[in-house]
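# Results of the structural survey
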Amino acid sequence: MNSIVRDSDVVELTEPPAFSFGEKVRTNRTIRNDGTYRGKEIGDVLVKKGEVGYVVSIGTFLQQFYIYGVEYLESGYRVGMKRRELEPVDTCAEVDDLPLPEES
């Protein structure tokens, strides 16, 4: 069990969670099964870098980190993610990219 990386000087639980329920987030790295995802082999890719999902639950790990349950629509997986593995998706920027209706 020496493969668990514990950032001993980081304690996120002293602050409120970085993300809210229903918030749209993007993963900033490829996530592979570490053996905790049922039905998949260890090392199988669960989430690709850049994949977008929504926070559906917020829990804790080691009395130190928030773990965000993120539902990824593209892959269909619900994966527990740490804050450092996620970034918020700026929904305002996406709305600005939508085409305006043509004037008649």
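For the structure itself, look to the data block above.
Residues numbered from 1 in each chain as written. Predicted model: local features only at pLDDT ≥ 70, side-chain atom pairs only at ≥ 80, totals over all residues. Heavy atoms only, no water.

### A word on the overall build of the protein chain
Across its full length, the protein chain carries 1 helix and 7 strands. Put simply, the protein chain runs from its N terminus to its C terminus through helices and strands in the order β-β-β-β-β-β-β-α. Partitioning the contacts of the protein chain with sequence separation of at least 6, the portion at a separation of at least 24 is 53%. Carbon and sulfur atoms make up 50% of the accessible area of the protein chain, which totals about 7500 Å². (Helix = DSSP H or I, 4+ residues; strand = E, 2+ residues; numbered from the N terminus. Contact = heavy atoms within 4.5 Å. Areas by Shrake-Rupley, 256 points an atom, 1.4 Å probe, with all protein chains shown as cover.)

### A closer look at the pairing of strand β5 (residues 65-72)
Among the 8 residues of β5, 6 are classified as buried, and the element is accordingly described as predominantly covered. One ladder, built from 8 bridges, connects strand β4 (residues 52-61) with β5; its direction is antiparallel. What sits directly across from Y54, in β5, is E71. The hairpin turn running from β4 into β5, its antiparallel successor, is 3 residues long, and L62 in that turn takes a positive phi close to 60 degrees. Sheet analysis places β5 next to strand β6 (residues 78-81), joined by 4 bridges and oriented antiparallel. Within the sheet, the bridge partner assigned to Y68 lies in β6 and is M81. Counting the residues in the hairpin turn of β5 and β6 gives 5 residues, including G76, whose phi is positive at 85 degrees. (Buried < 20%, exposed > 50% of the residue type's maximum accessible area, 1.4 Å probe, protein only. Pairing = 2+ DSSP bridges.)

### As for unusual backbone geometry
In this structure, L62 is a non-glycine residue whose phi angle is positive, near 60 degrees. Within the secondary structure, L62 is located in the loop between β4 and β5. One non-glycine residue, Q63, lies in positive phi territory at about 50 degrees. Within the secondary structure layout, Q63 lies in the loop between β4 and β5. With relative accessibility at 71%, the residue Q63 sits in the exposed group.

### Thoughts on the sheet that holds strand β1 (residues 24-27)
With respect to topology, 5 strands assemble into an open sheet ordered β6-β5-β4-β1-β7, the strand pairing being antiparallel. In this open sheet, the two edge strands, each paired with only one partner strand, are β6 and β7 (86-88). Here the average twist between neighbouring strands, direction ignored, is 45 degrees. (Axes fitted to C-alpha atoms, helices over the stretch in contact; angles between N-to-C directions.)

### Quick look at the nonpolar core
Residues Y68, V70, Y72, V79, M81 and L86 are the most contacted members of the largest nonpolar core, which totals 14 residues. Those elements that place two or more of their residues in this core are β3 (45-47), β5 and β6. Top element by residues in this core is β5. It accounts for 4 residues. What Y72 contacts, discounting residues up to four positions off in sequence, is T27, V47, E51, V52, G53, Y77, V79, M81 and L86. (Core = buried A, V, L, I, M, F, W, Y, C linked by side-chain atoms within 4.5 Å.)

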